[in-house]
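Breakdown of the fold
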Amino acid sequence: MKSAVETLNPTRVRLTVEVPFEELKDSLDAAYKKINQQVTVKGFRKGKIPARVIDQRFGRGAVLEEAVNDALPKFYTEAVNEAEIDVLGQPEVDITELKDGETLNFTAEVDVRPAIEIPDFSGIEVEVDAVEVTDEDVEKSVEQLRERFASTSPVERAAQDGDVVTIDLEAKVEGEVLEDGIANGVSYTIGSGELLEGIDDAVKGLEAGGEATFTSELKGGSAAGKEAEVTVKVTQVAARELPELDDDFAQLASEFDTLDELKADSRKRLENMKQYDQATQAQERVLEKLLEMVEVPVPEKLLEDEINTRKHNLEHHQLGQMGLDLAKYLEIQGKTEEEFDAETKEAAVKGIKTQFVLDELVKQEKLNVNQEELTEHLMRRAASSGMSPDQFAQAVVEGGQVPLLVGEVARGKALAVVVEKATVKDTNGEIVDLDDEDEVEQATETVEAAEGTADEAAEDKSEA
């Protein structure tokens, strides 16, 4: 076999392959054997029909077609390996010449990973938000904890903001009560925004036994997105009572003995959260700077496939779970279809560039992924998919997706290398020393967000 490579553009090549006919012998033998098992000829036992008889009865062309279909993948793979090219996706194959007993010639056009040159990235500088926890932040955190320990007691008065009401609901669309439009004994906190738009105004001022009717757009169910006439009846009004903010509350709501200790712990937790957010912000901004420094051609077919995948996942996974279609989603977002398409393309381009650049860095820095790093990543992805680690691991192995997870971690390590060499300052002008603990896994999450793979992979694994 002889092969040659022609570069059509930075992301696509054409392979020209010439195969001497004798190299098709194994595939020809396999073709005769396969046809032997599929046909019957009077006077011959099944599987014992001579090749010349098959040629006479069914045509040499049928045998050649079967042999070529069997042999092409092998010769294509050999040509790819010989040329040492990194192909993306499936090739477009064209048989240019097939002479029985002489030669098989074909071409294969395929997208390839472009050659990328990574410049010196040690001079990258980014600015991030400073980690500042105010007394107001701490008070808000403690107040949220206090809300969780609130108690309720029935009252004989009109409902008002903050009350917990027990209600019965009935929804009609075009005058007909929906099959799934009746709900009784629903507990609702006025002002929480957890039910239908307009319900707060409808129930405020009602006592137990009172009812009101209002119009609202349904968020889910069989008539999601439609305007409905909703009747709400209040069966009970209960006032929420918050516990006193004192040492007794601290002992009730936490492992601490005093309110001061509880507040100190809340401050520490808020600081940790803001430090984590700061590190993520640093990684995102360093990645953006890196991508700006590197020229990355994007294969058209790969980009088209990525855009289609993102649209499919949004429509069939994320929006489907919320009972929305794309048109309703765009209406809620206040976007036109053209704006949505432009944003999707921009995100897809960024995702592809992120993968190409960080994969090149993995090679350049000779980064490897150890078992501990892979296991930690698998555990986190299992949690995000709603599966147990064992179930997730089994799905990954059966789906042949272990290399994908390894690649995700490797790219996270590559980003961590760049962040480590970058200068990160906060808005106060102070140098930020990012905590090395969990740095790789956090960087991997940042990469997944940039590539747009986190939710998709979780969906794919759960369906595997």
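Residues numbered from 1 in each chain as written. Predicted model: local features only at pLDDT ≥ 70, side-chain atom pairs only at ≥ 80, totals over all residues. Heavy atoms only, no water.

The name that an unreviewed UniProt entry assigns to the protein is Trigger factor, with the source organism given as Streptomyces nigra. The protein has a UniProt comment under Catalytic activity (unreviewed entry) that states "[protein]-peptidylproline (omega=180) = [protein]-peptidylproline (omega=0)". (UniProt positions renumbered as here; feature names shortened; annotations may be inferred.)

**A closer look at the packing of helix 11 (residues 371–385) against helix 12 (residues 389–398)**
Put simply, helix 11 and helix 12 touch, their axes get as near as 9 Å, and they point 105° apart. When the interaxial angle is binned, helix 11 and helix 12 end up roughly perpendicular. Contact residues: helix 11 offers Leu378, Met379, Arg381, Ala382 and Ser385, while helix 12 offers Pro389, Phe392 and Ala393. Residue composition of the contact of helix 11 with helix 12, by class: 6 nonpolar, 1 polar and 1 charged. (Axes fitted to C-alpha atoms, helices over the stretch in contact; angles between N-to-C directions. Helix = DSSP H or I, 4+ residues; strand = E, 2+ residues; numbered from the N terminus. Parallel < 35°, antiparallel > 145°, perpendicular 65-115°, else oblique. Contact = heavy atoms within 4.5 Å. Nonpolar A, V, L, I, M, F, W, Y, C, P; charged D, E, K, R; others polar.)

**Some thoughts on the UniProt feature "domain: PPIase FKBP-type" (unreviewed entry) in the protein**
Here the UniProt-annotated "domain: PPIase FKBP-type" (unreviewed entry) positions come out as residues 162–215. End C-alpha to end C-alpha, residues 162–215 measures 22 Å, and it is 9% helix and 54% strand.

**Quick look at the confidence of the model for the protein**
Across the protein, the average pLDDT comes to 90, with 97% of residues at 70 or higher. Low confidence marks residues 455–464, where pLDDT is under 50. Its contacts with residues over four positions away, or in another chain, come to 20 contacts. (pLDDT = per-residue confidence, 0-100.)

**Quick word on the pattern of salt bridges**
Under the defined criterion, the tally for this structure stands at 35 salt bridges. For the salt bridge of lysine 34 with glutamate 66, the shortest nitrogen-to-oxygen distance reads 3.1 Å. You can see lysine 34 sitting in helix 1 (residues 25–38) and its partner glutamate 66 sitting in helix 3 (residues 60–83), a full 32 residues away along the chain. Overall, glutamate 66 belongs to the partly exposed group, its relative accessible area being 26%. (Salt bridge = Lys/Arg side-chain N within 4 Å of Asp/Glu carboxyl O. Buried < 20%, exposed > 50% of the residue type's maximum accessible area, 1.4 Å probe, protein only.)

**Some words on helix 8 (residues 300–321)**
The terminal C-alpha atoms of helix 8 lie 31 Å apart, and with 22 residues this matches the ideal 32 Å at 1.5 Å per residue to within 8%. Maximal helix bending in helix 8 amounts to about 35°, located at leucine 314. Among the residues of helix 8, Leu303, Glu306, Ile307, Arg310, Asn313, Leu314, His317 and Leu319 are the ones counted as buried. Of the residues flanking the end of helix 8, it is glycine 323, one or two places downstream, whose phi is positive at about 70°. (Expected span 1.5 Å × (residues − 1). Bend = angle between axes of the 7 residues up to and from the residue.)

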